[in-house]
Amino acid sequence: MMNDFTTGTAALIVNSRGRYLLHLRDANKKICDPGTWSIPGGDREGAESSREAVERELLEETGLVVPLEEFTVVDSLGPDGAKGRIRVYLGTWDGDADDLPCPEGIMFRHFDADTIPYLTMCPWTKEVIDLHQAQAIAPPPVPAQARPGGQARLNVVGVHLYLEQDGKVLLGLRHPDAAFAASTHHFLAGHCEQESAITCLVREAEEEAGIVIDPADLELAHVVHMVDHPGGQPRMGLVFRARQWAGTPQVREPDRCVSWGWWPADALPEEIVPYTRAAIEGIRAGRLYTEMGW
């Protein structure tokens, strides 16, 4: 058993065909290895073990829960040039990379070993893949609970804010380079992390738009259970109505949202996320639940 002295963690995910799941990182942010292909991961938080941290990061970044085994430890450089160490775990998943939610960075893709040398790679990720190739580790059988369409496939949970005043609903216009719904109107929203849905939404409202909400003033208004296509990543959208709030919507994350606007509930913009429109229509009709894409 390795000593748990590292702060960084990462997951090398390989499918049964020996292809690697890689994550394209943002290019214009002060982060480690911007603009490169890397693998999911992040730092430990608080008293977390490396295993707890990598399982949390993998779930937050991809929505996946797969068995992981310790593989190696590599050196890395932070955005300020500080040296660090990353403990890497190995797992297997046979799904479609396009189905992953990708709340951070640009996209996920699978690549075979022959393509790796032609990619702009995060240096330590290339080192990890080279080591995996050198050891000629055969991809293990894909666990049943990780197979697409399996009974235990987890849903990605998102929270959404429904604000209405004078018959108008608050919507944000997402940035043209946003990984999800670029140049499209959407609720103020976020993915649940290690927190309750209401706590997450209160935090997101303040971080994204400077809106302050008392948790006691939130009530569940609608639920959308959806997939983009049959067999795709299942997602559960919880839409909460705020009875009252403080603050005027401001653009606080311009790389994700370029403006906030109030739209008549019966004259929504043409460019709007389909499930956002469905949720608003459901709320106006007094329905609590909508299914899409199944």
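Our structure's up above, just so we're on the same page.
Worth saying up front: this structure is predicted, and the values here are computed from it rather than measured. (Residues numbered from 1 in each chain as written. Predicted model: local features only at pLDDT ≥ 70, side-chain atom pairs only at ≥ 80, totals over all residues. Heavy atoms only, no water.)

Chemist: Where do I start with the pattern of salt bridges in this structure?
Modeler: Pairs can form between side chains of opposite charge once their charged atoms are near each other. Counted by the stated rule, this structure contains 14 salt bridges. Between Arg 252 and Glu 206 there is a salt bridge, with its nearest N and O atoms 2.8 Å apart. Remark: Glu 206 occurs in helix H3 (residues 197–209) and Arg 252 occurs in the loop between strand E14 (235–242) and strand E15 (257–264); sequence separation between them is 46 residues. Shared partners join several salt bridges into a network, and the residues in it are Glu 45, Glu 48, Arg 56, Glu 57 and Glu 60. (Salt bridge = Lys/Arg side-chain N within 4 Å of Asp/Glu carboxyl O. Helix = DSSP H or I, 4+ residues; strand = E, 2+ residues; numbered from the N terminus.)

Chemist: So what exactly am I meant to see when it comes to the sheet that holds strand E12 (residues 188–191) here?
Modeler: Reading across the sheet, the five strands line up as E12-E8-E14-E13-E16 and stay open at both edges, with mixed pairing between neighbours. The outermost strands of the open sheet, each flanked by one partner alone, are E12 and strand E16 (289–292). Between one strand and the next, the sheet's axes are offset by a mean angle of 20°, whatever the strand orientation. Pairing of strand E8 (residues 156–162) with E14 involves seven bridges; the strand directions are parallel. Its bridge partner being in E14, Val 159 is matched across the sheet by Leu 238. Against the sheet, H3 engages E8, E12, strand E13 (218–226) and E14, with an angle of about 125° to E12. Sitting on the sheet, helix H4 (residues 274–285) touches E8, E13, E14 and E16, and the angle it makes with E13 is about 130°. (Pairing = 2+ DSSP bridges. Axes fitted to C-alpha atoms, helices over the stretch in contact; angles between N-to-C directions. Contact = heavy atoms within 4.5 Å.)

Chemist: Honestly, helix H1 (residues 50–62) in this entry has me stumped. Any pointers?
Modeler: Because the α-helix completes a turn every 3.6 residues, residues three or four places apart line up on one side. Its 13 residues give H1 an end-to-end C-alpha distance of 18 Å, which sits within 8% of 18 Å, the value for a rise of 1.5 Å per residue. All of the buried residues in H1 are Ser 50, Ala 53, Val 54, Arg 56, Glu 57, Leu 58, Glu 61 and Thr 62. Tucked inside the fold, the buried residues of H1 contact strand E1 (8–14), strand E2 (20–24), strand E4 (41–43), strand E6 (83–92) and strand E7 (107–111). The positive-phi residue at the C-terminal boundary of H1 is Gly 63, with phi of around 80°. (Expected span 1.5 Å × (residues − 1). Buried < 20%, exposed > 50% of the residue type's maximum accessible area, 1.4 Å probe, protein only.)

Chemist: I'm lost on the pairing of E6 in this one. Help?
Modeler: Each regular strand carries side chains that alternate between the two faces of the sheet. Along E6, seven of the 10 residues are buried, which leaves the element largely enclosed by surrounding structure. Bridge count for E1 against E6 is seven bridges, and the pairing is parallel. Pairing of Leu 12 across the sheet is with Leu 90, part of E6. Across eight bridges, the pairing between strand E5 (residues 69–77) and E6 is antiparallel.

Chemist: Please explain a nonpolar patch on the surface as it appears in this structure.
Modeler: On the surface, Leu 59, Val 65 and Leu 154 cluster together to form a nonpolar patch covering roughly 240 Å² of accessible area. Within the secondary structure layout, Leu 59 lies in helix H1. (Patch = residues over 30% accessible without salt bridge, like charges linked within 9 Å, V, L, I, M, F, W, Y side chains within 5 Å. Areas by Shrake-Rupley, 256 points an atom, 1.4 Å probe, with all protein chains shown as cover.)

Chemist: Would you mind showing me how to read H4 here?
Modeler: With 12 residues, H4 should cover 16 Å at 1.5 Å per step; its first-to-last C-alpha distance of 17 Å lies within 8% of that length. Turning to H4, its buried residues are Tyr 275, Thr 276, Ala 278, Ala 279, Ile 280, Gly 282 and Ile 283. In the core, the buried residues of H4 are packed alongside E8, strand E10 (168–174), strand E11 (185–186), E13, E14 and E16. In the stretch just after H4, Gly 286 is the one whose phi turns positive, near 80°.

Chemist: Whenever I open this one, the nonpolar core confuses me. Can you help?
Modeler: What tends to happen in soluble globular proteins is that the nonpolar side chains get buried as a cluster. The biggest cluster of nonpolar side chains holds 21 residues, and the ones touching the most others in it are Leu 12, Leu 22, Val 88 and Trp 124. The residues touching Val 88, leaving out its near neighbours within four places in the chain, are Ala 10, Leu 12, Ile 39, Glu 69, Glu 70, Phe 71, Thr 72, Val 74 and Val 128. Judged by nonpolar contacts, the second largest core, of 19 residues, contains Leu 161, Leu 188, Val 202 and Ala 209. (Core = buried A, V, L, I, M, F, W, Y, C linked by side-chain atoms within 4.5 Å.)

Chemist: What's the story with the packing of aromatic side chains in this structure? I'm lost.
Modeler: The geometry of an aromatic ring pair is captured by two quantities: the separation of the ring centres and the angle between the planes. Enumeration according to the criterion identifies three aromatic pairs in this entry. On the numbers, 6.4 Å between centres and 70° between planes, the contact of Tyr 162 with Phe 187 is edge-to-face. Highlighted residues: Tyr 162 in strand E8 and Phe 187 in the loop between E11 and E12, separated in sequence by 25 residues. The same class applies to Tyr 162 and to Phe 187, which are both buried. Ring centres of Trp 245 and Trp 262 lie 6.2 Å apart, and the angle between their planes is 20°; on these two criteria the pair is classed as stacked. (Phe/Tyr/Trp six-rings, centres within 6.5 Å; stacked < 30°, edge-to-face > 60°.)

Chemist: How should unusual backbone geometry be read in this particular structure?
Modeler: With glycine set apart, most residues show a phi of negative sign, and most peptide bonds adopt trans. Backbone geometry places Cys 102, a non-glycine residue, at a positive phi of 55°. With respect to the helices and strands, Cys 102 occurs in the loop between E6 and E7. You can call Cys 102 buried: its relative accessible area is 9%. Positive phi, close to 55°, is recorded for Ser 183, a residue that is not glycine. Note that Ser 183 resides in the loop between E10 and E11.

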